[in-house]
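One-letter residues, chain by chain:
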There are 2 protein chains.
Amino acid sequence: MTQPQTTPDAADATARVRLSVRVDFGGEARIGPGKIKLLETVALTGSISAAGRALGMSYRRAWLLLDALNRTFLEPVILTSAGGAHGGGAQVTPFGLDLVAAYRALEADAEDRAAERLGFLRERLRAGATGAGLDYDE
Amino acid sequence: MTQPQTTPDAADATARVRLSVRVDFGGEARIGPGKIKLLETVALTGSISAAGRALGMSYRRAWLLLDALNRTFLEPVILTSAGGAHGGGAQVTPFGLDLVAAYRALEADAEDRAAERLGFLRERLRAGATGAGLDYDE
């Protein structure tokens with residue numbers, strides 16, 4: 001068609017579709033955008049407590065998530081150095097950085113394909129749609 | 001290398017990595033594996049209540065999720081016919097079937113790429129890893 005079809009209540013079709021990808025390795029071993037963002041933030045800040053603050057989570061919560069990741073694989077994603085309570089530094093390992101990079105590359109692959117696969121949905125998106133946020137997308 | 005490296009506690013590297021993809025159109029408009037599975041089950045059963053039962057959710061929950069999807073786009077994903085309380089039939093529209101197909105195709109794209117991107121992670125997965133299930137992957 002020569003003219004794009006528009007309707008008064010169509011959403012902004014130029015808005016970016018965002019994807020999130022969750023990877024399930026079986027059992028309880030999963031990675032997804034939350035833990036990846038946490039790892040990235042630790043890599044930037046060099047500190048679990050600073051990363052937790054930046055992401056609005058408690059030190060304990062951040063520590064538990066990173067410890068869980070460390071137990072998921074045969075090698076750690078993060079190493080900590082001593083320094084008193086919450087005071088030690090934290091360093092993401094080369095393996096941890098590879099994990100982050102692989103996840104982000106996979107996500108970028110999927111976002112590239114989404115533009116092609118889901119474009120027709122975006123064009124039919126209702127402006128101000130609020131109902132679909134019902135959280136049943138686990 | 002000519003021999004695969006194995007370790008006593010390595011997880012089964014042939015286990016399938018499963019991905020789930022959540023699509024965020026902005027605002028509250030999101031689709032993910034839960035709503036897609038529900039739509040597929042309605043398509044198979046022709047009934048919201050039967051689909052809800054099959055997925056272990058209440059009729060009300062299933063109805064709310066489908067109604068939310070119907071409000072997300074400019075055209076409905078599902079049509080219902082009268083038939084008394086919970087007794088009417090439900091039919092997924094051609095648009096709804098297109099939505100399901102596009103989502104599943106996108107997911108398959110991502111799973112194909114995951115084998116390539118994430119193979120090195122699967123090889124380093126610890127057998128019986130249970131800690132990483134901590135649910136911070138929204």
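Bear in mind the structure is a predicted one, so any value in this text is a computation, not a measurement.

**Brief notes about the confidence of the model for chain A**
Residue and element names in this part refer to chain A.
Logical step 1: Confidence in the prediction for chain A averages 82 pLDDT; 77% of positions are at 70 or higher.
Logical step 2: Ranking the elements of chain A by mean pLDDT puts strand 2 (residues 30–31) last, at 88, and helix 1 (residues 33–45) first, at 96.
Logical step 3: The low-confidence segment residues 1–11 (pLDDT under 50) makes 11 contacts with residues lying over four places distant or belonging to another chain.
Logical step 4: Of the regions scoring below 50 in pLDDT, residues 131–135 engages in 17 contacts with residues more than four places distant in sequence or in other chains.
Logical step 5: Among the prediction metrics, the complex's ipTM stands at 0.71, with pTM recorded as 0.76.

**Regarding the nonpolar core**
Logical step 1: Counting 68 residues, the largest nonpolar core has Val23, Phe25 and Phe73 of chain A together with Val23, Phe25 and Phe73 of chain B as the members making the most contacts within it.
Logical step 2: Discounting residues that sit within four places of it in the chain, Val23 of chain B has contacts with Val17, Arg18, Leu19 and Leu118 of chain A together with Ala29, Arg30, Ile31, Tyr103 and Leu106 of chain B.

**Concerning the sheet that holds strand 2 of chain A**
Logical step 1: Strand order in the open sheet formed by four strands is 2(A)-1(A)-1(B)-2(B), and the pairing between neighbours is antiparallel. Lying at the two open borders of the sheet, with one neighbouring strand each, are strand 2 of chain A together with strand 2 (30–31) of chain B.
Logical step 2: Judged from the seven bridges that link them, strand 1 (residues 18–24) of chain A and strand 1 (residues 18–24) of chain B form a sheet pairing that is antiparallel. Bridging across to strand 1 of chain B, Arg22 of chain A finds its partner in Ser20 of chain B.
Logical step 3: Packing of helix 4 (residues 94–123) of chain B onto the sheet brings it into contact with strand 1 and strand 2 of chain A together with strand 1 and strand 2 of chain B, and relative to strand 1 of chain B it is tilted by some 130°.

**With respect to the pattern of salt bridges**
Logical step 1: Considering all chains together, one arrives at 14 salt bridges over all chains under this definition.
Logical step 2: For Asp109 of chain B, the salt bridge goes to Arg113 of chain A, with nearest N and O atoms at 3.6 Å. Of this pair, Asp109 of chain B sits in helix 4 while Arg113 of chain A sits in helix 4 (residues 94–123), each in a different chain.
Logical step 3: Relative accessible area serves as the criterion here: at 11%, Asp109 of chain B is assigned to the buried category.
Logical step 4: For Arg113 of chain A, a relative accessible area of 31% gives the class partly exposed.
Logical step 5: Between Arg117 of chain A and Asp109 of chain B there is a salt bridge, with its nearest N and O atoms 2.9 Å apart.

**Let's talk about helix 3 (residues 59–72) of chain B**
Residue and element names in this part refer to chain B.
Logical step 1: For helix 3, with 14 residues, the first-to-last C-alpha span of 20 Å sits near the 20 Å given by 1.5 Å per residue.
Logical step 2: Regarding helix 3, the residues found buried are Ala62, Leu65, Leu66, Asp67, Ala68, Leu69, Asn70 and Thr72.
Logical step 3: For helix 3, the elements touching its buried residues are strand 2, helix 1 (33–45), helix 2 (48–55) and strand 3 (78–80).

**Description of the packing of aromatic side chains**
Two descriptors summarise a pair of aromatic rings, namely the distance from one centre to the other and the angle between the planes of the rings.
Logical step 1: The tally for this structure, following the rule as stated, stands at six aromatic pairs over all chains.
Logical step 2: Consider the rings of Phe120 of chain A and Phe95 of chain B, whose centres lie 6.3 Å apart with planes at 80°: the pair is edge-to-face. Placement of the pair is Phe120 of chain A in helix 4 and Phe95 of chain B in helix 4, with the two residues belonging to separate chains.
Logical step 3: Residue classification places Phe95 of chain B among the buried residues on the basis of a relative accessible area of 2%.
Logical step 4: Here the aromatic rings of Phe73 of chain B and Phe95 of chain B are separated by 5.4 Å at their centres, their planes lie at 70°, and the arrangement is edge-to-face. Of this pair, Phe73 of chain B sits in the loop between helix 3 and strand 3 while Phe95 of chain B sits in helix 4, and the two are 22 residues apart along the sequence. In terms of burial, Phe73 of chain B and Phe95 of chain B fall into one category: buried.
Logical step 5: In textbook terms, an aromatic cluster arises when at least three aromatic residues are bridged by ring pairs, as seen for Phe25, Phe73 and Phe95 of chain A together with Phe120 of chain B.

What counts and how
- Residues numbered from 1 in each chain as written.
- Chains lettered and ligands numbered in written order.
- Predicted model: local features only at pLDDT ≥ 70, side-chain atom pairs only at ≥ 80, totals over all residues.
- Heavy atoms only, no water.
- pLDDT = per-residue confidence, 0-100.
- Helix = DSSP H or I, 4+ residues; strand = E, 2+ residues; numbered from the N terminus.
- Contact = heavy atoms within 4.5 Å.
- Core = buried A, V, L, I, M, F, W, Y, C linked by side-chain atoms within 4.5 Å.
- Buried < 20%, exposed > 50% of the residue type's maximum accessible area, 1.4 Å probe, protein only.
- Pairing = 2+ DSSP bridges.
- Axes fitted to C-alpha atoms, helices over the stretch in contact; angles between N-to-C directions.
- Salt bridge = Lys/Arg side-chain N within 4 Å of Asp/Glu carboxyl O.
- Expected span 1.5 Å × (residues − 1).
- Phe/Tyr/Trp six-rings, centres within 6.5 Å; stacked < 30°, edge-to-face > 60°.

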